[in-house]
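Residue strings, one per chain:
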Amino acid sequence: MDIVKLGIAGVGHFGRFHALKAAASPRAQLVGVYDLDPERARTVGWEAGAAPMPLEELIAASDAIVVATPAEAHHDVAMAAMRAGRHVLIEKPIASTLAEADALAAMALDQDLVLQVGHLERFSAAHGAVTARMGKPLYIEAVRVAPFKLRGTDVSVILDLMIHDLDLVLALVDAPIESVDAVGAIVSSAHEDIANARVRFTNGCVATITASRISLKTERRMRIFAQSGYLAVDFANRKLTAITRGDSGGMPLPGMPEFRLEEISWQDHDALAAEHAAFFASILDGAPVLVDAPAGRRALDAALAVGASMERSHALVRASGLLSEQIENGGGSRV
């Protein structure tokens, strides 16, 4: 096999981009698209030059499937594809539950199939710039906020936006999570639209992560503190400021000759094309899977831990409110 016959399952907002990218790839042949909305499938299929198909026919006609359906369908669609012997690139989150994630990982291992998880930030130029310059982190602060859009509101902001930074943090910190403390609120959808989490790792590193999809503007930034220096990353404006120990190039800091200041910018990088290229390389060349099922499971586990902590915070607030009401009504003890 020198080219991958690729099918796209789910051609909503992001699935459409997958279809267009696959249609332009020299290592793939887009054989068809599927969506629960037949009109959407016809429109995107026409745009990408591929036929709309029922899911079973799409799987039968393909070597590999991109699963870009809503998150609750990830497990079922990916399992159907792998039972038929098809490789899978599955959008984040890998599944809705850890049990589903484990079942997908086990199926891929049993069938000797490529299962790659679509944590797109891992393929960005920013991720490469950060990992090339940062040692063991001590503290990480991440912010990812954006204006409200209906897309993605089938899940909480944790699984919609925060999971990107959770995955990046987990890739930087080589240690298990020790504890999570999180708060959040539902504002414009049926799920949490704003969230803040403080994640402590067993090696002492702490990460504070904020996500919102009800902000006035888009902001994506990260600050990383380590013994070897400090990094400030502005993902939206593609800028990185690094203060690092040693002769790393850049300008010496006044009064701190052992440290250097480096300011870096990068051009637009097609992370989705890079993600597809990595998927095809794993299938055709036997290259390692860059974001595999265990990585996807770790990110999901962290996201679910944030959600569980947030629910505990909600319960405390509700309990406090009930206690205050009882006291005001004379039904509780006064201290």
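Reading the values: rules and limits
Residues numbered from 1 in each chain as written. Predicted model: local features only at pLDDT ≥ 70, side-chain atom pairs only at ≥ 80, totals over all residues. Heavy atoms only, no water. Helix = DSSP H or I, 4+ residues; strand = E, 2+ residues; numbered from the N terminus. Expected span 1.5 Å × (residues − 1). Buried < 20%, exposed > 50% of the residue type's maximum accessible area, 1.4 Å probe, protein only. Arc of directions from axis to C-beta. Contact = heavy atoms within 4.5 Å. Salt bridge = Lys/Arg side-chain N within 4 Å of Asp/Glu carboxyl O. 1 Å grid on protein atoms, 1.4 Å probe; cavity = no way out; pocket = protein on both sides within 12 Å on 5 of 7 lines; lining within 4 Å. Points joined across faces, edges and corners; volume = space filled by probe spheres on them. Nonpolar A, V, L, I, M, F, W, Y, C, P; charged D, E, K, R; others polar.

Chemist: For this particular structure, what's the right way to read helix H1 (residues 13-24)?
Modeler: For an α-helix the count is 3.6 residues per turn, leaving residues at separations of three or four pointing the same way. Relative to the 16 Å expected for 12 residues at 1.5 Å per residue, H1 spans 18 Å between its end C-alpha atoms, a close match to the ideal helical length. Along H1, the residues classified as buried are Gly15, His18, Ala19 and Ala22. Viewed end-on, H1 has its buried residues packed into an arc of 100°, placing them on one side of the element. Those residues of H1 hidden inside the fold are in contact with strand E1 (4-9), strand E2 (28-34), helix H2 (38-48), strand E4 (64-67), strand E5 (87-91) and helix H8 (271-285).

Chemist: Help me understand the pattern of salt bridges, please; the structure alone is not making it clear to me.
Modeler: Using the criterion set out here, one finds 14 salt bridges in the structure. Arginine 122 is paired through a salt bridge with aspartate 167; the nearest N and O atoms lie 2.8 Å apart. Placement of arginine 122 in the loop between strand E6 (115-118) and helix H6 (125-133) and of aspartate 167 in helix H7 (residues 157-172) is noted, with a sequence separation of 45 residues between them. You can call aspartate 167 buried: its relative accessible area is 2%. As a salt-bridge pair, arginine 213 and aspartate 160 come within 3.3 Å of each other at their nearest N and O atoms. Taken together, the residues arginine 213 in the loop between strand E10 (206-212) and strand E11 (219-226) and aspartate 160 in helix H7 connect sequence positions 53 residues apart. In this structure, arginine 213 and aspartate 160 share a single accessibility class: buried. Residues participating in the shared-partner salt-bridge network are Glu121, Arg144, Asp165 and Arg220.

Chemist: I tried to follow empty space enclosed by the protein on my own but got confused; where do I start?
Modeler: Applying the stated criterion to the full structure yields 1 cavity of 30 Å³ or more. Of the pockets and cavities examined, the largest cavity occupies roughly 40 Å³. Taken together, His127, Val130, Thr131, Leu168, Leu172, Met222 and Phe235 form the lining of the largest cavity. Those elements giving two or more residues to the lining of the largest cavity turn out to be H6 and H7. When residues in the lining of the largest cavity are grouped by element, the largest group, 3 residues, is from H6. Tallied by class, residues from the lining of the largest cavity come to 5 nonpolar, 2 polar and no charged.

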